[in-house]
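So you can see what is in the structure, the chains are spelled out below.
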Amino acid sequence: MQAESRVDRQIDQAVERYLAAQFKQEARRQGWQDMRFTQASTPLNDTSRLTPCAQPPVVETAGDNPSLLGRLRLRASCGDTPGWSVLLSTQVNVFIPALFAAQTIERGQTIEAAHLQVQELNVGKASRGYYQREEEVVGMGAKRRIRAGQALSPGLLASPMLVRRGQQVKIIASRDGIVATTLGEALQNGQRDEVIRVRNLSSDKIIEAKVLEDGTVTSTFE
């Protein structure tokens, strides 16, 4: 029993080292910050008669492992004479600090730092994506209502609405190198660079204008 527990411990430590090296590379590739992982390996062969390995067992993939997340098939091998080889079923979970909603964020609301909190996220269960950096989301707009405690993902956010229907906006109009400004009323919501319909309050004409920034549009159709 003592030999068996020592072999199992050697295998577990070897798997841990192998995965740590793999995830170090994966973290750089994915841009993960402060990543940690857990693993639980189950031998698929009987280890009760195996003798401890003089050197740390070598671990490699066994079969097709398309992703490092989830369940992997690995092989641990001892190079002693005689040596041994054990197949393993390994369940891996990767956790990173990610951005969650600290409070309810209403549809169309612009994301502020105060709306955010950091919680640990299981990457394998975040199929819709995630954010780790505040600068990636602050200033974005909520595409739909986001619940308090909900993880933020790309599908929930969009460029913020800089102009809203019924809002008074500044129209910057240019023609033949001459630039003029006047006031208008937005007839549609608009994000940056989106072309919307605007009513010129001076002429009462409806024009098409491109959203420049918060409350400002530009038009060459005057």
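Model, not experiment: these values are computed from the prediction.

S.K.: Is there a simple way to explain the overall build of the protein in this structure?
M.R.: Helix and strand content of the protein: 1 helix and 14 strands. Relative to the globule expectation of 17 Å for 222 residues, the C-alpha radius of gyration of the protein, 29 Å, shows a markedly less compact shape. Along the three orthogonal principal directions, the C-alpha set of the protein runs to about 95 × 35 × 20 Å. Here the protein holds 222 residues, and the buried ones make up 35% of them. Contacts spanning at least 24 positions in sequence make up 52% of the contacts within the protein whose residues lie at least 6 apart.

S.K.: Could you clarify how one ought to interpret the nonpolar core in this entry?
M.R.: What tends to happen in soluble globular proteins is that the nonpolar side chains get buried as a cluster. Of all hydrophobic cores here, the largest spans 25 residues; its most connected members are Ile11, Leu19, Phe23 and Trp84. Secondary-structure elements contributing two or more residues to this core are α1 (2-30), β3 (70-78) and β4 (84-101). When residues of this core are assigned to their parent elements, the largest contribution, 8 residues, is made by α1. When residues no more than four places from it in sequence are discounted, the contact partners of Trp84 are Val7, Gln10, Ile11, Leu50, Thr51, Cys53, Pro57, Ala76, Ser77 and Cys78. Formed by 12 residues, the second largest nonpolar core is a distinct cluster that contains Ile111, Ala142, Ile146 and Leu152.

S.K.: Would you explain the side chain of Gln132 in this entry?
M.R.: For Gln132, the location among the structural elements is in the loop between β5 (116-122) and β6 (141-142). Side-chain polar atoms of Gln132 contact the backbone oxygen of Pro97, separated by 2.8 Å. Apart from residues no more than four positions distant in its own chain, Gln132 is found in contact with Gly31, Trp32, Gln33, Ile96, Pro97 and Leu99.

S.K.: Sorry if this is basic, but what is going on with the packing of aromatic side chains here?
M.R.: Any two aromatic rings considered together are summarised by their centre-to-centre distance and by the angle between their planes. Using the criterion set out here, one finds 1 aromatic pair in the structure. Ring centres 5.1 Å apart and planes at 35 degrees place the aromatic pair Phe23 and Phe37 in the tilted group. In this pair, Phe23 is assigned in helix α1 and Phe37 in strand β1 (residues 36-43), connecting sequence segments 14 residues apart. Judged on exposure class, the residue Phe23 and its partner Phe37 are both buried.

About the cut-offs
- Residues numbered from 1 in each chain as written.
- Predicted model: local features only at pLDDT ≥ 70, side-chain atom pairs only at ≥ 80, totals over all residues.
- Heavy atoms only, no water.
- Helix = DSSP H or I, 4+ residues; strand = E, 2+ residues; numbered from the N terminus.
- Rg over C-alpha atoms; globule rule 2.2 N^0.38 Å.
- Buried < 20%, exposed > 50% of the residue type's maximum accessible area, 1.4 Å probe, protein only.
- Contact = heavy atoms within 4.5 Å.
- Core = buried A, V, L, I, M, F, W, Y, C linked by side-chain atoms within 4.5 Å.
- Polar contact = N/O pair within 3.5 Å; in protein donor to acceptor, adjacent residues only side chain to side chain.
- Phe/Tyr/Trp six-rings, centres within 6.5 Å; stacked < 30°, edge-to-face > 60°.

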